[in-house]
Amino acid sequence: MPIRSTETVRRGSAMPRALIFTALLPLALALAACGTTQPKSSTPIKQGGGIYKVGNPYQINGIWYYPAENDKYDSTGIASWYGPQFHGKLTANGEVFDENQLTAAHPTLPMPVLARVTNLENGKSLVVRVNDRGPFAAGREIDMSKKAAEALGFMQKGTAKVRVQYIGRAPLEGGIGDGRGVAETFVAPPVVTPKDERKVIGAAPVTAVAAVSATALPAPPGVSSAPAAQAAMQPIPDNAVTRSSETVDQVPVTGPGNIYVQAGAFQNLQNAEAVKQELTGVGRVEIQTTMVDGLPYYRVRVGPLTDVPAADSSLQNVIAHGHKGARIVVD
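Since the model is a prediction, treat every value here as computed from it, not as a measurement.

Colleague: Can you break down the nonpolar core residue by residue, with the values?
Modeller: Of all hydrophobic cores here, the largest spans 27 residues; its most connected members are Val117, Val128, Ile142, Met144 and Phe154. Mapped onto this core, the elements with two or more residues apiece are β3 (74-82), β5 (113-119), β6 (124-132), β7 (142-145), α4 (146-152) and β8 (160-169). Dropping the residues within four chain positions of it, Ile142 is found in contact with Ile78, Ala79, Ser80, Ala104, Ala105, His106, Val117, Pro135, Val162 and Val164. Counting residues in each nonpolar core, the second largest holds 25 residues, with Leu120, Val282, Val285 and Ile287 among its members.

Colleague: Describe the packing of aromatic side chains, listing the residues and the values that go with them.
Modeller: Applying the stated criterion to the full structure yields six aromatic pairs. Ring geometry for Trp64 against Tyr66: centres 6.3 Å apart, planes inclined by 25°, an arrangement best described as stacked. Ring centres of Tyr65 and Phe136 lie 5.5 Å apart, and the angle between their planes is 80°; this geometry places the pair in the edge-to-face category. Within this pair, whereas Tyr65 is found in strand β2 (residues 63-65), its partner Phe136 is found in the loop between β6 and β7, the two being separated by 71 residues in sequence. Take Tyr65 and Phe136: they sit in the same class, and that class is buried. Over the ring of Tyr52 we find Arg169, and its NZ or CZ is 4.1 Å from the ring centre. Positioned above the aromatic ring of Tyr260 is the side chain of Arg301, whose terminal nitrogen or guanidinium carbon lies 5.5 Å from the ring centre.

Colleague: Describe the environment of Ala68, listing the residues and the values that go with them.
Modeller: Note that Ala68 resides in the loop between β2 and β3. For Ala68, a relative accessible area of 31% corresponds to the partly exposed category. In sequence terms Ala68 and Pro57 are 11 residues apart; their C-alpha atoms lie 8.8 Å from each other. Ala68 has contacts with Val54, Thr108, Leu109 and Pro110, leaving out every residue within four places of it along the chain.

Reading the values: rules and limits
Residues numbered from 1 in each chain as written. Predicted model: local features only at pLDDT ≥ 70, side-chain atom pairs only at ≥ 80, totals over all residues. Heavy atoms only, no water. Core = buried A, V, L, I, M, F, W, Y, C linked by side-chain atoms within 4.5 Å. Buried < 20%, exposed > 50% of the residue type's maximum accessible area, 1.4 Å probe, protein only. Helix = DSSP H or I, 4+ residues; strand = E, 2+ residues; numbered from the N terminus. Contact = heavy atoms within 4.5 Å. Phe/Tyr/Trp six-rings, centres within 6.5 Å; stacked < 30°, edge-to-face > 60°. Lys NZ or Arg CZ within 6 Å of the ring centre and 35° of its normal.

Next up, the structure:
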């Protein structure tokens with residue numbers, strides 16, 4: 001099976017699609033997906049037809065992922081995209097992938113849901129339907145369809161700094177509806193995470209620091225405060241955007257858009273200090289404080305880094321030091 005996304009093909013770091021289906025779908029669905037004749041990208045594909053699912057925790061390449069319903073999900077990172085290799089094949093919730101629709105794959109969000117994805121480099125923002133699992137290349141936040149990558153202006157480049165915000169459940173019949181999500185008329189079974197796994201804080205890509213309040217505690221001695229741009233980050237309301245063609249909105253982009261590798265986030269400062277010491281020699285390491293639901297968290301970060309290749313290299317270095325849950329973030 002081919003490797004997902006044009007960008008990850010170049011890097012060669014994504015998981016083969018067959019392994020993804022083995023982990024996430026019944027074997028019958030995986031075999032059906034792999035055996036399906038791939039239609040031409042111009043062939044219309046019926047939308048919807050899948051099921052609503054959250055999924056159980058799963059492990060790929062030694063990294064644990066924790067799917068969950070999280071209406072406060074708001075995270076930054078690096079987006080990649082995928083298209084022709086999987087056009088016409090089944091997604092992780094049983095829909096059929098169409099590279100010409102505004103869809104995306106995410107490691108932990110339920111499916112199908114709506115998410116707003118904003119390109120932090122050019123201010124282009126749009127709502128997409130998340131109906132697949134991925135990307136599993138280290139350091140990637142979300143995998144966009146070819147059309148979505150084109151709309152956000154990064155298809156040729158291959159990657160972009162993005163912000164991903166949960167909106168609500170997507171209509172099962174397909175598409176994004178009015179872009180505001182559908183009423184939740186049923187409750188999916190809760191995900192039960194083993195007690196010992198809950199102790200792994202900062203496990204990529206789901207962390208307790210996804211929702212950040214607008215204020216932070218004064219930093220302890222020797223610890224820096226979180227950048228003001230991150231602390232002030234607010235949801236992007238529909239009435240605050242300038243409408244343009246093909247459902248793409250233009251929003252103001254504030255802050256420097258610095259790239260960091262986050263090794264972990266801790267409520268205990270001593271734990272954060274210990275990780276900082278472990279990472280001595282991998283680059284500039286700092287501890288940033290932030291507030292989450294009224295509680296202080298200490299984030300251990302390497303950076304800022306110059307670009308995505310530098311961040312990828314730094315991420316691999318941090319992982320090699322034993323921090324498999326490290327992830328790339330953008331402030």
